[in-house]
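# Examining the three-dimensional arrangement
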Amino acid sequence: MKVLKFGGTSVGSPERIRNVASLIMPGNRNVVVLSAMSGTTNSLVEIAEYLYKGNIPGAQETLNGLRSKYEGVVVELLATEESRRSATGAIERSFGLVRAFLSEPITEAGEKEILAQGELMSTALMQAYLTEQGVRSELLPALDYMRTLESGEPDMVHIQSRLRRLIDLAPDADVFLTQGYICRNDHGGIDNLKRGGSDYTASIIGAVLDAEEIQIWTDIDGMHNNDPRFVEGTRPVGKLHFEEAAELAYFGAKILHPSCVLPAKLHNIPVRLLNTMQPETPGTLICNTTPDGSLKAIAAKDNITAVKIKSGRMLLAYGFLHKVFETFENYRTSIDMMATSEVGVSVTVDDDSRLAAIIDDLKHFGTVSVDRDMVIICVVGDLQWEECSFQSQVLEALEGIPVRMISYGGSNYNISVLVRRDDKVRALKALSNKLFK
Ligand code: ADP
Ligand code: ASP
Ligand code: MG
């Protein structure tokens, strides 16, 4: 049994939905995880934003636009009256639910419910289409098994027992369909696994069902060696170690949700990144085979803030770093990158929502300065420290670009540098030219 996840573009039109149906290999009882059709979650986010601002006509207009799009999809995708009726029923339920929020004050819980409708609609459309094609598909409602703990982590024990039971209840199903992204929180309320979270859903399901493989089907032929949105001539990487993929996903390679690698890695389930538009291309295989000593790929993480704490008393003192880290911990803010010297320490964070309070507290221990609008550029591969050429290649490539911080040695899989936002694309291109040409 495999888990196959199809992203927004892959189910973005009636033609693409038909194409997905041709890839799911019914009969193997695979679990197919679907995202919302492309653009839908963005429109739902927009509706919630209008509602928070009290702009009801704005919300209504976006809602109407989305609704007519889905009406068109039903007609174009489905041929029989019966399947059109069943799909329309599901879609009208979703729009009815969103519409109800036009006349009541929006809350965070309401917003989460609105955001959940995209995946509920795409799975309903797919199920109606599969039924029309004679495929026996069983819908596994994510809200009936996918649950997070108070910590926000998935409740793996609950998910495993509920999901196995739902699957056992459908012995005749050729294929299972489920919604990516959506879940319930520890209070039982509708929630989600953060934007791009359908990849995470697929990985969690693969782990709890001990799947043979997790396939992430998207609009590109695997993990490229640099961000194709900013650099021309990038190429897919054939194979990545779990650790390498985790570094790339965490440091900005949008093709994978940052949390998606961990469940697969812990259960040693290979992850394959594949292209729905070119299903015959090999894509990228992520597994735990020994890495091969090469540089694999470059990624960039935006919106980083660097904080420097300088202290005259750090010289020969112990406990200074502890106090600094404790301050960030007190405000539940995680640190991405750090660099130390005898007189101070620099750290970076991507969540600056509690930074004012953090800085206030840090001022007890030293002088604090902040650099905003920074970007972490991360070079990933099997970078053993005895192999001395890669550090110099990275630094040579960045000649002429101001580098605020450098970090290597936390793992043998990455070397990271912090640059200004305005230098990001220049740095990505320079690194590709030096490392991969
Ligand atoms: P999906 O909707 O299928 O989840 P995403 O848009 O989330 O797809 O992810 C695929 C996109 O990730 C690609 O279209 C590409 O623009 C972007 N991307 C960023 N970095 C990389 C990379 N290193 N390799 C491949 N794709 C990348
Ligand atoms: N539909 C959600 C989003 O757009 C989840 C996903 O696509 O993975 O973020
Ligand atoms: Mg995605």
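### Re the overall build of the protein
Each helix and strand counted, the protein has 14 helices and 16 strands in total. Projecting the C-alpha coordinates of the protein onto the three principal axes gives extents of approximately 75 × 50 × 40 Å. A buried classification covers 51% of the 437 residues belonging to the protein. If you take every contact in the protein between residues at least 6 apart in sequence, the share linking residues at least 24 apart comes to 74%. Put simply, the protein shows about 20000 Å² of open surface, and 49% of that area lies on carbon and sulfur atoms.

### Observations regarding the packing of helix H13 (residues 389-397) against helix H14 (residues 424-436)
Between two packed helices, the angle of one axis relative to the other and the distance separating the axes together describe the packing. Packing of H13 against H14 leaves a shortest axis separation of 8 Å and a crossing angle of 140°. What the angle tells us is that H13 and H14 run oblique. For the crossing formed where H13 meets H14, the hand is right-handed. Judged by residue contacts, Gln393, Val394, Glu396 and Ala397 of H13 engage Ala430, Leu431, Lys434 and Leu435 from H14. Here the residues of the contact of H13 with H14 sort into five nonpolar, one polar and two charged.

### Here's the deal with the sheet that holds strand S14 (residues 367-381)
Taken in spatial order, the six strands line up as S12-S13-S11-S14-S16-S15 in an open sheet, and their pairing is antiparallel. Bordering the open sheet on either side are strand S12 (337-340) and strand S15 (403-408), each of which pairs with just one other strand. Direction aside, neighbouring strands of the sheet carry axes that sit 25° apart on average. Here S14 pairs with strand S16 (residues 414-420) via seven bridges, running antiparallel.

### Observations concerning the side chain of Ser346
With respect to the helices, strands and loops of the structure, Ser346 is situated in strand S13 (residues 344-349). Looking at Ser346, its side chain comes within polar contact range of the side chain of Arg404, at 3.2 Å. Residues in contact with Ser346, not counting those within four places in the same chain, are Val307, Lys308, Met337, Met338, Ala339, Arg404 and Met405.

### Considering the site of ligand 1
Around ligand 1 sit 16 residues, and of these Lys5, Thr218, Asp219, His224 and Lys254 come closest. Separating an oxygen atom of ligand 1 from a side-chain N or O atom of Lys5 is a distance of 3.0 Å. Contacts to ligand 1 include Gly8, whose backbone N or O atom sits 3.2 Å from an oxygen atom. Surface burial for ligand 1 is 87%, taken as the share of its 570 Å² of free accessible area covered by protein chains. Of the residues belonging to the shell around ligand 1, the class tally is five nonpolar, six polar and five charged.

### Quick word on the sheet that holds strand S2 (residues 30-34)
Adjacent strands of a sheet form backbone hydrogen bonds with each other and so pair up, either parallel or antiparallel. Taken in spatial order, the eight strands make up an open sheet running S3-S4-S2-S1-S7-S9-S10-S8, and their pairing is mixed. Among the strands making up the open sheet, the edge pair consists of strand S3 (137-140) and strand S8 (239-241). Adjacent strand axes in the sheet meet at a mean angle of 20°, parallel and antiparallel pairs treated alike. Two elements, strand S7 (residues 213-218) and strand S9 (residues 271-275), share five bridges in a ladder whose sense is parallel. Counted as the bridge partner of Thr218 is Asn275 from S9.

### Considerations on the site of ligand 2
Taken together, Ser35, Ala36, Thr41, Glu119, Tyr181, Arg195, Gly196, Gly197 and Ser198 make up the full set of residues near ligand 2. Within the backbone of Gly196, a nitrogen or oxygen atom sits 2.8 Å from an oxygen atom of ligand 2. Take Ser198: an N or O atom from its main chain is 3.0 Å from an oxygen atom of ligand 2. In the complex, 86% of the free accessible area of ligand 2, which totals 260 Å², lies under the protein chains.

### Focus on helix H2 (residues 40-52)
Compared with the 18 Å implied by 1.5 Å per residue over 13 residues, the 19 Å span of H2 between its first and last C-alpha is a close match. Considered for burial, the residues of H2 that qualify are Thr40, Thr41, Ser43, Leu44, Ile47, Ala48 and Leu51. Taken around the axis of H2, the buried residues stretch over an arc of 160°, which confines them to a single face. In this fold, the buried residues of H2 make contact with helix H3 (56-77), helix H4 (81-100), helix H5 (108-115) and helix H6 (117-132). Downstream of H2 by one or two residues, Gly54 has phi in the positive range, about 75°.

### Examining a nonpolar patch on the surface
Residues Leu395, Val403 and Ile406 make up a contiguous nonpolar surface patch of roughly 220 Å² in combined accessible area. Along the polypeptide, Val403 turns up in strand S15.

### Observations concerning unusual backbone geometry
Of note, Arg29 is a non-glycine position whose phi angle comes to about 55°, a positive value. Along the chain, the position of Arg29 falls in the loop between helix H1 (14-21) and S2. With phi around 45°, Arg332 is a residue other than glycine that occupies positive phi space. Following the sequence through the fold, Arg332 ends up in the loop between helix H11 (320-330) and S12. Arg332 gets classed as exposed once you look at its relative accessible area, which sits at 71%.

### Concerning the packing of H3 against H4
The geometry of H3 relative to H4 is characterised by a closest axis approach of 10 Å and an angle of 170° between their N-to-C directions. As the angle between them shows, H3 and H4 are arranged roughly antiparallel. Contacts between H3 and H4 involve Leu63, Leu66, Arg67, Tyr70, Glu71, Val74 and Val75 from the first element and Arg84, Ala87, Thr88, Ile91, Glu92, Phe95, Val98 and Arg99 from the second. A per-class count over the contact of H3 with H4 returns nine nonpolar, one polar and five charged.

The rules behind the values
- Residues numbered from 1 in each chain as written.
- Chains lettered and ligands numbered in written order.
- Predicted model: local features only at pLDDT ≥ 70, side-chain atom pairs only at ≥ 80, totals over all residues.
- Heavy atoms only, no water.
- Helix = DSSP H or I, 4+ residues; strand = E, 2+ residues; numbered from the N terminus.
- Buried < 20%, exposed > 50% of the residue type's maximum accessible area, 1.4 Å probe, protein only.
- Contact = heavy atoms within 4.5 Å.
- Areas by Shrake-Rupley, 256 points an atom, 1.4 Å probe, with all protein chains shown as cover.
- Axes fitted to C-alpha atoms, helices over the stretch in contact; angles between N-to-C directions.
- Parallel < 35°, antiparallel > 145°, perpendicular 65-115°, else oblique.
- Left-handed = near helix turned anticlockwise from the far one by under 90°.
- Nonpolar A, V, L, I, M, F, W, Y, C, P; charged D, E, K, R; others polar.
- Pairing = 2+ DSSP bridges.
- Polar contact = N/O pair within 3.5 Å; in protein donor to acceptor, adjacent residues only side chain to side chain.
- Near = heavy atom within 4 Å.
- Expected span 1.5 Å × (residues − 1).
- Arc of directions from axis to C-beta.
- Patch = residues over 30% accessible without salt bridge, like charges linked within 9 Å, V, L, I, M, F, W, Y side chains within 5 Å.
- Salt bridge = Lys/Arg side-chain N within 4 Å of Asp/Glu carboxyl O.

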